[in-house]
Amino acid sequence: MNGWLYLLPLISALLGWLINHLLICAIFQPRQPKKILGFTILGLLPAKKNKIADSLAELICRDIISFNEIEEKVTHPDNFQKIMPQVDAHIDNFLKVKLPQSMPMIAMFVGDKTTAQLKSVFLAELELLFPQIMNGYIDKLREDTDIRKTISEKILTFPNNKIEWLIKSALKPEFQKIKIIGAITGFLIGLIQLLMSLLVSRAGAI
């Protein structure tokens with residue numbers, strides 16, 4: 001019996017590893033279309049980049065980012081309370097500094113008590129207006145911005161080599177496992193072929 005047959009499991013293991021390695025490479029490369037024997041060859045990721053970008057953009061807009069959630073968070077009353085110190089300081093500066101400078105005559109008749117009352121009225125009115133203003137801003141932003149299209153365009157402008165690097169970096173252990181599985185599968189196939197060859201050889205000898 002040919003001694004090379006005993007190398008079948010190792011050869012098959014190598015082929016299994018190589019096939020899976022080439023399949024992984026085919027996901028990313030070639031990055032640009034190449035003509036080989038009359039066929040145009042292009043990596044799966046570059047070939048489907050437009051579709052992937054649209055799907056990712058739709059997923060992000062539907063499940064990650066939405067104008068409704070943005071509107072809900074922005075118009076929440078707690079947000080106005082967070083900026084209240086800055087608003088209070090600006091109104092105080094306006095009533096006590098800018099107003100007297102701009103209209104000295106009015107400032108002569110407005111004392112500290114009246115200033116405090118005016119500031120209280122302004123703050124209360126601003127607290128009521130804040131959600132309405134922000135709602136209007138979000139509605140205008142929704143009309144003027146196609147966020148899905150913007151995200152899709154950003155993904156499309158991202159270089160293929162950087163996308164490849166990111167995916168390979170994130171999935172490096174998984175890709176290694178796929179190659180190892182290919183080698184193990186190839187080894188088992190080669191082992192089965194070797195055993196079948198041995199059985200056939202023995203049967204022939206009998």
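For the structure, see preceding data.
Residue positions are counted from 1 within each chain, in the order its sequence is given. Reporting in this predicted model follows two pLDDT cut-offs: at least 70 for local features of residues, and 80 or more for side-chain atom pairs to be given and counted; totals over whole chains, interfaces and linings ignore these cut-offs and use all residues. Side-chain measures here rest on the full set of heavy atoms in the structure, leaving out hydrogens and waters.

Peer 1: I keep staring at the environment of lysine 179 and nothing clicks. Help me out?
Peer 2: Secondary structure elements follow DSSP: runs of H or I of four or more residues count as helices, runs of E of two or more count as strands, with numbering from the N terminus. Tracing the chain through its elements places lysine 179 in helix α10 (residues 172-205). Separated by 137 residues in sequence, lysine 179 and leucine 42 have C-alpha atoms that sit 22 Å apart. If we skip the residues at most four places from it in the chain, lysine 179 touches Trp17, Asn20, His21 and Ile24. Here a polar contact is recorded for every N or O atom pair within 3.5 Å, except that within protein the pair must consist of a potential hydrogen donor and a potential acceptor, and residues adjacent in sequence are included only if both atoms are side-chain atoms. Polar contacts involving the side chain of lysine 179 include one to the side chain of histidine 21, which spans 3.1 Å. In this analysis, two residues are considered to be in contact whenever any of their non-hydrogen atoms come within 4.5 Å of each other.

Peer 1: Could you clarify how one ought to interpret the packing of helix α3 (residues 49-64) against helix α8 (residues 147-157) in this entry?
Peer 2: The angle between the axes and the distance between the axes are what describe a pair of packed helices. Lines fitted to C-alpha atoms define the axes here, with helix axes fitted over just the stretch in contact, and angles between the N-to-C directions of these axes take values from 0 to 180 degrees. Axis separation between α3 and α8 bottoms out at 8 Å; the angle between their running directions is 140 degrees. Overall, the two elements α3 and α8 adopt an arrangement that is oblique. The handedness of the crossing between α3 and α8 comes out as right-handed. Contact with α3, carried on its side by Lys49, Asn50, Ala53, Asp54, Leu56, Ala57, Glu58, Ile60 and Cys61, involves Ile147, Arg148, Ile151, Ser152, Ile155 and Leu156 of α8 and no other residues of that element. Following the grouping adopted for this structure description, the nonpolar residues are Ala, Val, Leu, Ile, Met, Phe, Trp, Tyr, Cys and Pro, the charged ones are Asp, Glu, Lys and Arg, and the polar ones are all others, Gly among them. For the contact of α3 with α8, a count of residues per class yields 9 nonpolar, 2 polar and 4 charged. Put simply, angles under 35 degrees are roughly parallel, angles over 145 are roughly antiparallel, angles from 65 to 115 are roughly perpendicular, and the rest are oblique. A crossing counts as left-handed when the near helix is turned anticlockwise from the far one by less than a right angle, and as right-handed when that turn is clockwise.

Peer 1: Whenever I open this one, the nonpolar core confuses me. Can you help?
Peer 2: Membership of the largest hydrophobic core is limited to 9 residues, which are Phe80, Met84, Val87, Ile91, Leu95, Leu99, Leu123, Phe130 and Met134. With 6 residues, the top contributor of residues to this core is helix α5 (residues 77-102). Beyond its immediate sequence surroundings of up to four residues, leucine 99 is in contact with Phe94 and Pro104. Among the nonpolar cores identified, the runner-up in size contains 6 residues, and Ala53, Ile60, Ile151 and Ile155 belong to it. Take the buried residues of types Ala, Val, Leu, Ile, Met, Phe, Trp, Tyr and Cys, join any two whose side-chain atoms come within 4.5 Å, and each joined set is a nonpolar core. Each residue is placed in one exposure class: buried if its accessible area under a 1.4 Å probe, protein chains only, is under 20% of its type's maximum, exposed if it is over 50%, and partly exposed if it falls in between.

Peer 1: When you look at the environment of isoleucine 163 in this model, what are you seeing that I'm missing?
Peer 2: Counting through the fold element by element, isoleucine 163 comes out in helix α9 (residues 160-170). Residue classification places isoleucine 163 among the buried residues on the basis of a relative accessible area of 14%. Along the chain, isoleucine 163 and proline 46 lie 117 residues apart, while their C-alpha atoms are 9.7 Å from each other. When neighbours within four sequence positions are excluded, isoleucine 163 is seen to be in contact with Leu45, Lys49, Ile155 and Phe158.

Peer 1: Even after reading the chapter, I still don't get the pattern of salt bridges, so can you show me in this structure?
Peer 2: As a working rule, side chains carrying opposite charge can pair if their charged atoms are close by. When a carboxyl oxygen of Asp or Glu lies within 4 Å of a side-chain nitrogen of Lys or Arg, that pair is called a salt bridge. Under the criterion given, the structure shown has 2 salt bridges. Through salt bridges with shared partners, a single network forms among Arg31, Glu164 and Lys168.

Peer 1: It is not clear to me how the packing of aromatic side chains should be interpreted in this structure. Could you clarify?
Peer 2: Within a pair of aromatic rings, the relevant descriptors are the distance that separates the centres and the angle that separates the planes. Aromatic pairing here means that ring centres of Phe, Tyr or Trp (its six-membered ring) are within 6.5 Å. Orientation follows from the plane angle: under 30 degrees is stacked, over 60 is edge-to-face, and everything else is tilted. Summed over all chains, the structure comprises 1 aromatic pair. For the ring pair phenylalanine 28 and phenylalanine 175, a centre distance of 6.2 Å and an interplane angle of 80 degrees mean the geometry is edge-to-face. On the criterion of sequence distance, the pair formed by phenylalanine 28 in helix α1 (residues 8-28) and phenylalanine 175 in helix α10 is long-range, its members being 147 residues apart.

Peer 1: What's the story with α8 in this structure? I'm lost.
Peer 2: In an α-helix, one turn spans 3.6 residues; hence positions three or four apart end up facing the same way. Three or more residues of α8 are buried, namely Ile151, Ser152 and Ile155. Along the axis of α8, the buried residues cluster in a sector spanning 100 degrees; they form a single face. Looking at α8, the residues exposed on the side facing more than 90 degrees away from the buried face are Lys154 and Thr157. Contact partners of the buried residues in α8: α3 and α9. What the arc describes is the spread of directions from the helix axis to the C-beta atoms.

Peer 1: Sorry if this is basic, but what is going on with unusual backbone geometry here?
Peer 2: Leaving glycine out, the prevailing phi sign among residues is negative, and the prevailing peptide bond configuration is trans. Here glutamine 29 and proline 30 are connected by a cis peptide whose omega angle stands at 0 degrees. Inspection of the secondary structure assignment puts proline 30 in the loop between α1 and β1 (34-36).

Peer 1: Looking at this structure, how should I read α3?
Peer 2: Burial in α3 covers these residues: Lys49, Ala53, Ala57, Ile60 and Cys61. Angular distribution of buried residues about the axis of α3 spans 100 degrees; they occupy a single face of the element. What points out from α3, more than 90 degrees from its buried face, is the exposed set Lys51 and Arg62. Where the residues of α3 are buried, they touch α2 (44-47), α8 and α9.

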